[in-house]
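Here are the chains, one letter per residue:
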Amino acid sequence: MAKQIRMVLIDLSGTLHIDNTAIPGAVEALTRLRSANIPVKFVTNTTKESSNFLHNRLIKLGFDIKKEEIFSSLAAARRLIISRKLNPMLLIDSAANEDFEDLIKNDNEQNAVVVGLAPDKFHYEELNKAFRLLLDGASLIAIHKGRYYKRGDGLSLGPGAFIAGLEYSANVKAEVVGKPTAEFFKAALENVPPEEAVMIGDDVKDDVAGAQAIGIRGLLVQTGKYREGDENTIQPPPTKVCSSFVQAVEYILKKEE
């Protein structure tokens, strides 16, 4: 397989690490993958922290990752805001604010609601403010619609439920910019044909099904948010189900032999 691969897309949270703990063997597996001279890119829907914060976290965990190799839904949302000259209300975690600080015009009317994972802001007053903006014609932009994610203390509710609530109450449809949209994966690949790429992730829908929908092969890892039987919930099924990122890398490299 590796001889046919020009890009490996790798999810972060749940695939390489959970909070501040690296998946066992993941640091070494990434080093092995790089030794095969296969280009890698790290694609993430993480919205709880800025690109700087996220990169620093990964470096502290021991991963050899350059900041420019990280392609995030936050970056995709930023490009969308700039291209449409929006002045959004941000329902994102305060740790991610620095990625948008220069785009907010406090004296101008807000004309969009941008939602990421923001546990401290998912309360009635903030959501009601967003609801009223949507009623007045603001657009609803979902950085992603993740159903849940894995924390150190277990699975936790993602932003998807709150976005769905806003859609229902304001009778609008959110525009999703992160995984699993085809646009996100195509932007991550740049000029690499989908059939010459592989996606490794723990989310069967956002990572694997999203990638496979445009022709990228999907490797599902049984760490992070994975739940038993996830591989049976999508068609076509994952190219390969792996116990962890370590086995996914071994699968790619063995195919090269």
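Draft legend 1. Up close: the overall build of the protein. Helix and strand counts for the protein stand at eight helices and 14 strands. For the protein, the C-alpha radius of gyration of 18 Å lies close to 18 Å, the compact-globule estimate for 257 residues. Counting only C-alpha atoms, the protein reaches 60 × 40 × 35 Å along its principal axes. Across the 257 residues in the protein, those meeting the buried criterion constitute 54%. Sequence-distant contacts in the protein: of pairs separated by 6 or more residues, those separated by 24 or more amount to 68%.

Draft legend 2. Looking closely at the sheet that holds strand β5 (residues 70-72). The sheet built from six strands is open, its strands ordered β5-β4-β1-β12-β13-β14 with parallel pairing. Looking along the sheet, the strands with just one partner apiece sit at the ends: β5 and β14 (240-242). Put simply, the sheet's adjacent strands are angled 25 degrees from each other on average, direction ignored. Across three bridges, strand β4 (residues 40-44) lies against β5 in parallel orientation. In the strand pairing of β5, V43 is matched with F71.

Draft legend 3. Representation of the layout of surface pockets within the structure. A volume near 530 Å³ is recorded for the largest pocket. For the lining of the largest pocket, the secondary structure elements donating two or more residues are α2 (51-60), β9 (148-151) and α7 (204-212). Sorting elements by how many residues they give to the lining of the largest pocket places β9 first, with four residues. Among the residues forming the lining of the largest pocket, the class breakdown is eight nonpolar, ten polar and 14 charged. Of the pockets and cavities examined, the second largest pocket occupies roughly 210 Å³. Along the walls of the second largest pocket sit 15 residues, with P88, M89, L90, I104 and Q110 positioned nearest its centre. For the lining of the second largest pocket, the element with the highest residue contribution is strand β6 (residues 88-91), accounting for three residues. Partitioning the lining of the second largest pocket into residue classes produces five nonpolar, five polar and five charged.

Draft legend 4. Molecular detail of the packing of helix α1 (residues 26-35) against helix α8 (residues 245-254). Packing of α1 against α8 brings their axes to within 9 Å, and their N-to-C directions diverge by 20 degrees. Between α1 and α8, the interaxial angle falls into the category roughly parallel. As α1 packs across α8, the resulting crossing turns out to be left-handed. Together, A26, A29, L30, R32 and L33 of α1 and F245, V246, V249, E250, I252 and L253 of α8 make up the contact between the two elements. Of the residues belonging to the contact of α1 with α8, the class tally is nine nonpolar, no polar and two charged.

Draft legend 5. Molecular detail of the pairing of strand β12 (residues 197-201). Judged by how many residues are buried, β12 sits mostly within the fold: five of five residues are covered. The side-chain alternation of β12 yields two buried faces, one formed by A197, M199 and G201 and the other by V198 and I200. Sheet topology note: the strand β1 (residues 7-10)/β12 ladder contains four bridges and is parallel. When the bridges of β12 are listed, V8 appears paired with V198. As judged from the four bridges shared by β12 and strand β13 (residues 217-221), these two strands associate in the parallel manner. Of the residues in β13, the one forming a bridge with M199 is G218. Tracing the backbone out of β12, into α7 and back to the parallel element β13 gives a crossover that is right-handed.

Draft legend 6. Just the pairing of strand β10 (residues 154-157), in detail. Of the strand pairs in this sheet, β9 and β10 are connected by four bridges, and their pairing is antiparallel. Residue Y148 lies in a different strand from β10, and its bridge partner there is L157. Two successive antiparallel strands, β9 and β10, enclose a turn made up of two residues.

Draft legend 7. Here's a closer look at the side chain of E167. Note on placement: E167 falls in helix α5 (residues 160-170). In terms of polar contacts, E167 uses its side chain to reach the side chain of K145, at 3.2 Å. A distance of 2.8 Å separates a polar atom in the side chain of E167 from the backbone nitrogen of A174. Those residues in contact with E167 that lie beyond four places of it in its chain are L140, K145, V172, K173 and A174.

Draft legend 8. Expanded view of the sheet that holds strand β7 (residues 112-115). The strand order across the open sheet formed by four strands is β6-β7-β8-β11, and the pairing between neighbours is parallel. The sheet is open, and its two borders are formed by β6 and β11 (175-176), each paired with just one other strand. Sheet topology places strand β8 (residues 139-142) next to β11; two bridges connect them, and they run parallel. By the bridge assignment for β11, I141 is matched with E175. Where helix α4 (residues 124-135) meets the sheet, its contacts fall on β6, β7 and β8, and the angle it forms with β6 comes to roughly 150 degrees.

Conventions used here
- Residue numbering note: each chain is counted from 1, following its sequence as written.
- Reporting in this predicted model follows two pLDDT cut-offs: at least 70 for local features of residues, and 80 or more for side-chain atom pairs to be given and counted; totals over whole chains, interfaces and linings ignore these cut-offs and use all residues.
- Side-chain measures here rest on the full set of heavy atoms in the structure, leaving out hydrogens and waters.
- Think of it this way: any DSSP run of H or I at least four residues long counts as a helix, any run of E at least two long counts as a strand, and we number them from the N terminus.
- Each radius of gyration is computed over the set of C-alpha atoms, and the globule rule expresses the reference value as 2.2 Å times the number of residues to the power 0.38.
- Relative accessibility decides the category of a residue: with a 1.4 Å probe and only protein chains considered, values under 20% of the type maximum give buried, values over 50% give exposed, and everything between is partly exposed.
- Here, residues are in contact when the closest pair of their heavy atoms is within 4.5 Å.
- Pairs of strands are assigned from DSSP output, requiring at least two bridges between the strands.
- Interaxial angles span 0 to 180 degrees and are taken between N-to-C directions of axes, which are lines fitted to C-alpha atoms, for helices over the stretch in contact.
- Cavities and pockets were defined on a 1 Å grid built from protein atoms only: a cavity is a group of points that admits a 1.4 Å probe but offers it no way out, a pocket is an open group of points flanked by protein on both sides within 12 Å along at least five of seven lines, and a lining residue is one with an atom within 4 Å of any such point.
- Grid points are joined across faces, edges and corners, and a volume is the space filled by probe spheres set on the points.
- Residues are grouped as follows: Ala, Val, Leu, Ile, Met, Phe, Trp, Tyr, Cys and Pro are nonpolar; Asp, Glu, Lys and Arg are charged; all remaining types, including Gly, are polar.
- Roughly parallel here means an angle under 35 degrees, roughly antiparallel means over 145, roughly perpendicular means 65 to 115, and every remaining angle is called oblique.
- Definitions for this section: a left-handed crossing has its near helix turned counterclockwise from the far helix by less than a right angle. A right-handed crossing has that turn clockwise.
- Seen with the strands pointing away from the viewer, any crossover whose path from the first strand over the helix to the second strand runs clockwise is right-handed.
- What qualifies as a polar contact is a pair of N or O atoms within 3.5 Å, subject to a donor-acceptor requirement within protein and to the restriction that residues adjacent in sequence count only when both atoms come from side chains.

So yeah, pure geometry; function would need other evidence.
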